[in-house]
Every structure is written in C-alpha cells, then in structure tokens.
Amino acid sequence: MLRPEINDLLCRTGPGTPMGDLFRRYWQPVLLAEELPENDCPPVRVKVLSERLIAFRDTDGRYGLIDEFCAHRGVSMWFGRNEQGGLRCPYHGWKYDVTGQAVEVPSEPENSNFCANVKLKSYPMVKRGDVLFAYLGDPAAQPPEPEWEAYTVPEGHVFTSKRLQECNWLQALEGGIDSSHVTFLHGGNIDTDPLFKGSKGNLYNKRDLKPYFEVVDYEGGLLIGARRNAEEGHYYWRVTPWVLPNFTMVPPRGDHPVHGHFWVPIDDGNCWAWTFDYHPTRKLTEDEIAAMRAGFGVHSANDEAYRPLANKDNDYLMDREAQRRGETYSGIAGIALQDSSLQESMGPVVDRTKERLVATDAGIIKARQKLRKAAEALQQGVEPVGNRPQDQRVRSVAIVLPADRSFVDGIGDAMIAEPSKPHTTV
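None of the values given here were measured: they were computed from a predicted structure.

*Asks:* Got a sec to walk through the side chain of Glu355? Specific residues and values, please.
*Replies:* Mapped onto the fold, Glu355 is located in the loop between helix H8 (335-345) and helix H9 (362-379). Of note is the side chain of Glu355, whose polar atom sits 2.4 Å from the side chain of Arg368. Excluding its chain neighbours within four sequence positions, the residues that come into contact with Glu355 are Met1 and Arg368.

Pasting the structure below:
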C-alpha cells in the first residue's frame, strides 16, 4: 500500500507540483495532427497537466500553443479569428502570434509600444508523424524533439488515436505495465481480434495463467518481463518497456503492428490515452487501419470529442450474455474499453492505501518507486532520464528462450529500435 502523501505526489501533475514539474521535462502528445488540418483552421482547446491552452496553426503553417485567455479581459481565445498570421480575440481585436506575443491592439495609438509588453504564456509544439507534441517546461532544460520509433518511421507505417479516460493518469499507466491481466480480462479477444489473432504467443498466454515477472532497470525506465511456459525446456517472454514518465509499449504478436501508449494527464481526474500502432518494415494495410478506427486492437471507437462511445454513462455497453458465452471475459467489448472500464471504476484517483499487491505487481511497484525518486530528485536540481533520444529508441519484445537463459541476455539488441529492422516477435 502507499501512504496518502505518496499517492498524492505521484498523481498530482498541476503547475508547481513535483510530478507536474517532472512531466514538464518531457515532450508530451497534445493533439492529433488531424485536429489542426490546414493553415488558418479553427483553433482547438487543449487542457494538459491542468493548464488550459489554445492551439492554432497560422497562415504560414506554424503551430502555436498559448494561454487560453486573452490578456485584456480574460476572454477564451477559442472564440478567436485565426487570420493573417495570428489569432485575434473577437471581443476587442487583440491579436497574438504563435509565440503568444501581442502583435495588434487596435485601440492603441499607432506609435504605441504597448504590444511589446503583452505576451501570453506559450509553449513550443512540433509535428512528429501524425501527432503534435508540446513541451511545457523550463526552456533552458528543453530536451531534443521526440525520437520514438513510431514517429520516425516512413509515412504510412503508423496510426495514432486518442481517447478520453476518466481517471487519473497513474492508474491508466499501471494497467499498461501489468501483463498478468491479459489472460483473464482479454482472454476472449486475443484469438479473434484482427490485430492479435494468429500469433503462437496467444497459445502460451492461454495455457499458462500464472506468469512469473522479472523487472530490470534500464537507463530510461524499466524492462518488465512476463514469463510463461512454452515447449519443454523453454519459456515464452513478453518484455514491456516503460520509459519515464508515461510511455509503454505492448509486446508484439506475430507480424501484426506493434502498439503502445502515452498516458497524458488532462487534470488529476482525467487523462488522454494516446494509442499508436506502427510497423517498422512495412506500411499498415487498409484492413489494419480500418480495424484500428473501428476500435479493434488497443484502440476504441470514439465520438467527435474522442470520448469512447462505450463509456461509464452507458455502463460501457456491458453484455452479460456475451460474458456467459465466453466471448468476452468481462462482458465489455474491445481491449481498450475492457481496460479503461475497470480503471475508471476505481474512481478518479484510486485510494492506494487500501490495496494489497502481489508478486505479479513487481513492475507497478518499481515504476512507482522510480517516479517518486525522479520527481524528488528534480526538486533538488537533478535532471531526469527518459527524454533523451537514446532512451526513446526502444522496442517491446516477444521471444521464446531456453529455460536457463535470462530474458535480458536473450533479447540482446532486439529492444533497440533501428530503421527497417524487423521486430522480434512470436
């Protein structure tokens, strides 16, 4: 169990909190590129790390992420006019560029320097693949732009979605590094889902309901190995990398695309579950992309606001008959919603003083320890890891190894992402 003050430290990510300061040392996904599809398109509201912001794309294609509220009288700039190189407040015409700098205040005399002294808070935002990433931290500590393999592969090799998850980011992340639940919660899906079926690893998952966990430190975070029995004298290993603070990658199955997540706090009671699928050596097929859009794999079918169609207001479309027939273990369709329904059921912020952890929670325990240590060290001026290119060039691995070989030795450089290198999978 966790003491209440430690739970608060890990869960609270607003401005001025230790975990909020840690998150602000990393580029975070904030928008899909499709949300700002063209120059001078309508602005978009962004809430991240409890900050209310506005994103826009100006006449020259530059991206801006600025304070939501006009410096004059506090009007939301979501109502603004995106025109001629800036975003103009409709109330009195104040206009700002992508850096938040005021460039026009119509009521001021022509020779006034008033604009030079008005600047909204702003953050850099860059496009990587089909995602816009933002950095909300100290400019002096800004790391290199993101180097995750999913966002450096050629065009057509990656698909990203996002969904609203109505709970704290940490309980969502902890589901992402917990392989032990797969056999139970997702047991009805891995043989039928078009983005999972056909893998021999599915057989190992179903045959061995008691995985053994081994958790190993590496510079960017943790490698979490889940071991199950394979053929005589061999083990099936699924190795999940967790990179500080909120990146996870699911071990692959067969030649299906590799998938993973970023769990990005909106505020302390909600987060965005960012989900990507990519293939390092080929384009995604039309059928694969259609399946992802339809909510198969680790994606979900969402409304226009990216809230899942199956949500807590309709009990996630629970189907008890499908549960009885064994089509789904929990009665809820779709791997993503099977996870989020249970994580949301814990409440906005789960009370970890009541939990009782077991051996298969080793990855969760170590991740909490590492997060706490990194957040507290940053308060003492020690910069974190996980935001360097070498930390981000990482892969998940599925592999069968001799029983006398450790997974760390056995995977070798399979966890290192390199261009056009096939992933290691079963």
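Anyway, onward from the coordinates.
*Asks:* Go over the sheet that holds strand E9 (residues 122-123), please, and point to the residues and values.
*Replies:* One open sheet accounts for four strands, arranged E2-E3-E4-E9; its pairing is antiparallel. Each end of this open sheet is capped by a strand with a single partner; those strands are strand E2 (44-48) and E9.

*Asks:* Quick one: what's the story with the UniProt feature "domain: Rieske" (unreviewed entry) in the protein chain, residue by residue and with numbers?
*Replies:* Taking the numbering used here, the UniProt-annotated feature "domain: Rieske" (unreviewed entry) corresponds to residues 27-134. Across residues 27-134, the secondary structure splits into 0% helix and 41% strand, with the terminal C-alpha atoms separated by 5 Å.

*Asks:* Summarise H9; cite the residues concerned and give the values.
*Replies:* If you check H9, its first and last C-alpha atoms are 26 Å apart, about what 18 residues at 1.5 Å a residue would give, namely 26 Å. All of the buried residues along H9 are Gly363, Ile364, Ala367, Arg368, Lys370, Leu371, Ala374, Ala375 and Leu378. Residues of H9 that are buried in the fold lie against helix H1 (4-11), helix H2 (18-23), helix H3 (169-176), strand E13 (212-218), strand E14 (221-229) and strand E15 (234-243). Phi turns positive one or two residues past the end of H9, at Gly381, with a value near 90°.

*Asks:* For the pairing of strand E12 (residues 158-165), give the residues involved together with the corresponding values.
*Replies:* By the criterion of burial, E12 is predominantly enclosed, with eight of the eight residues buried. The pairing of E12 with strand E18 (residues 270-278) spans eight bridges and is classified as antiparallel. Note that in E18 the partner of Arg163 across the bridge is Ala273.

*Asks:* Please give an account of the packing of H1 against H9 that cites residues and values.
*Replies:* The contact between H1 and H9 brings their axes to 10 Å, and the two run at 75°. Judged by the angle between their axes, H1 and H9 are roughly perpendicular. For the pair formed by H1 and H9, the contact residues are Ile6, Leu9 and Leu10 on the first element and Arg368, Leu371, Arg372, Ala375 and Glu376 on the second. Taken together, the residues of the contact of H1 with H9 sort by class into five nonpolar, no polar and three charged.

*Asks:* Go over H3 with me, naming the residues and quoting the values.
*Replies:* Residues lying three or four places apart along an α-helix face the same way, a consequence of the helix completing one turn every 3.6 residues. Of all eight residues that make up H3, seven are buried, and the element is covered over most of its length. All of the buried residues in H3 are Trp169, Leu170, Gln171, Ala172, Leu173, Glu174 and Gly175. Of the residues that open H3, the one with a side-chain oxygen 2.9 Å from the backbone nitrogen of Leu170 is Asn168.

*Asks:* Could you give an account of the packing of H3 against H9, naming the residues involved and the relevant values?
*Replies:* For the pair H3 and H9, interaxial distance at closest approach is 10 Å and the crossing angle is 135°. What the angle tells us is that H3 and H9 run oblique. Crossing hand, H3 versus H9: right-handed. Facing H3, whose interface residues are Trp169, Leu170, Leu173 and Glu174, H9 presents Ile364, Arg368 and Leu371.

*Asks:* Can you break down the packing of aromatic side chains residue by residue, with the values?
*Replies:* Applying the stated criterion across every chain yields a total of 16 aromatic pairs. Centroid distance Trp27 to Tyr135: 5.9 Å. Interplanar angle 45°. Geometry classified as tilted. In this pair, Trp27 sits in strand E1 (residues 27-32) while Tyr135 sits in strand E11 (residues 131-135), placing the two residues 108 residues apart along the sequence. Across the pair, Tyr135 and Trp27 agree in class, each one buried. A ring pair is formed by Tyr204 and Tyr236, whose centres lie 4.9 Å apart and whose planes are at 40°; its orientation type is tilted. Of this pair, Tyr204 sits in helix H5 (residues 200-207) while Tyr236 sits in strand E15; the two residues are 32 residues apart in sequence, bridging distant segments of the chain. Judged on exposure class, the residue Tyr204 and its partner Tyr236 are both buried. Members of the aromatic cluster, each reached through a chain of ring pairs, are Phe133, Trp148, Tyr151, Phe247, Phe262, Phe276 and Tyr278. Geometry around Trp272 places Lys162 over its ring, the cationic atom sitting 4.3 Å from the centre. Its guanidinium or amino end placed over the ring of Tyr306, Lys162 lies 4.8 Å from that ring's centre, counting from NZ or CZ.

Conventions used here
- Residues numbered from 1 in each chain as written.
- Predicted model: local features only at pLDDT ≥ 70, side-chain atom pairs only at ≥ 80, totals over all residues.
- Heavy atoms only, no water.
- Helix = DSSP H or I, 4+ residues; strand = E, 2+ residues; numbered from the N terminus.
- Polar contact = N/O pair within 3.5 Å; in protein donor to acceptor, adjacent residues only side chain to side chain.
- Contact = heavy atoms within 4.5 Å.
- Pairing = 2+ DSSP bridges.
- UniProt positions renumbered as here; feature names shortened; annotations may be inferred.
- Expected span 1.5 Å × (residues − 1).
- Buried < 20%, exposed > 50% of the residue type's maximum accessible area, 1.4 Å probe, protein only.
- Axes fitted to C-alpha atoms, helices over the stretch in contact; angles between N-to-C directions.
- Parallel < 35°, antiparallel > 145°, perpendicular 65-115°, else oblique.
- Nonpolar A, V, L, I, M, F, W, Y, C, P; charged D, E, K, R; others polar.
- Left-handed = near helix turned anticlockwise from the far one by under 90°.
- Phe/Tyr/Trp six-rings, centres within 6.5 Å; stacked < 30°, edge-to-face > 60°.
- Lys NZ or Arg CZ within 6 Å of the ring centre and 35° of its normal.

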